[in-house]
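Okay, here's what each chain looks like letter by letter:
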Amino acid sequence: MTTVPLKLVPAAEPSPAEKVRQRVRAAPKPASMLQCNRCGGRELIETKTGVLYQDGKPKGGTKQLLCATCLMKGERVVIA
């Protein structure tokens, strides 16, 4: 069996969109403000899963916060 030496490939330069995401993630914000860990967005949508409909009213369910920016791209990113 022969061994093949491995070479390190230099890291690719981030795309312009990734540079914007990095800048937004690094921007100062209050400690209590929620922010998407994928895109850095701060716009959230509250959803409920498993809701029952009894006596004409929604009942129960589990609340989750989703990143609105990622959701528009077809990705479901749960925040907190």
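Right, let's walk through the structure included here. Model, not experiment: these values are computed from the prediction.

Reading guide: rules and limits
Residues numbered from 1 in each chain as written. Predicted model: local features only at pLDDT ≥ 70, side-chain atom pairs only at ≥ 80, totals over all residues. Heavy atoms only, no water. Helix = DSSP H or I, 4+ residues; strand = E, 2+ residues; numbered from the N terminus. Rg over C-alpha atoms; globule rule 2.2 N^0.38 Å. Buried < 20%, exposed > 50% of the residue type's maximum accessible area, 1.4 Å probe, protein only. Contact = heavy atoms within 4.5 Å. Areas by Shrake-Rupley, 256 points an atom, 1.4 Å probe, with all protein chains shown as cover. Lys, Arg positive; Asp, Glu negative; His and termini not counted. Charge placed at Lys NZ, Arg CZ, Asp CG, Glu CD. Core = buried A, V, L, I, M, F, W, Y, C linked by side-chain atoms within 4.5 Å.

## Comments concerning the overall build of the protein chain
Here's step 1: Looking only at helices and strands, the protein chain features two helices and five strands.
Here's step 2: Starting at the N terminus and walking to the C terminus, you meet the elements of the protein chain as α-β-β-β-β-α-β.
Here's step 3: The globule rule puts the C-alpha radius of gyration for 80 residues at 12 Å, and the 20 Å found for the protein chain is more than 25% above it.
Here's step 4: If one aligns the C-alpha atoms of the protein chain with their principal axes, the spans along those axes are about 70 × 45 × 25 Å.
Here's step 5: Going through the 80 residues of the protein chain one by one, you find that 14% of them count as buried.
Here's step 6: For the protein chain, long-range pairs separated by at least 24 residues make up 28% of all intrachain contacts whose partners lie at least 6 apart in sequence.
Here's step 7: Within the structure as shown, the protein chain displays about 6800 Å² of accessible surface, and the carbon and sulfur contribution to it stands at 59%.
Here's step 8: The centroid of the 14 positive side-chain charges in the protein chain is displaced by 3 Å from the centroid of its 6 negative side-chain charges.

## Some words on the nonpolar core
Buried together is how nonpolar side chains tend to be arranged in soluble globular proteins.
Here's step 1: Counting six residues, the largest nonpolar core is built from C36, C39, C67, C70, V77 and I79.
Here's step 2: Residues in contact with C70, not counting those within four places in the same chain, are C36, R38, C39, E75 and V77.

Geometric values such as these leave the question of function open.
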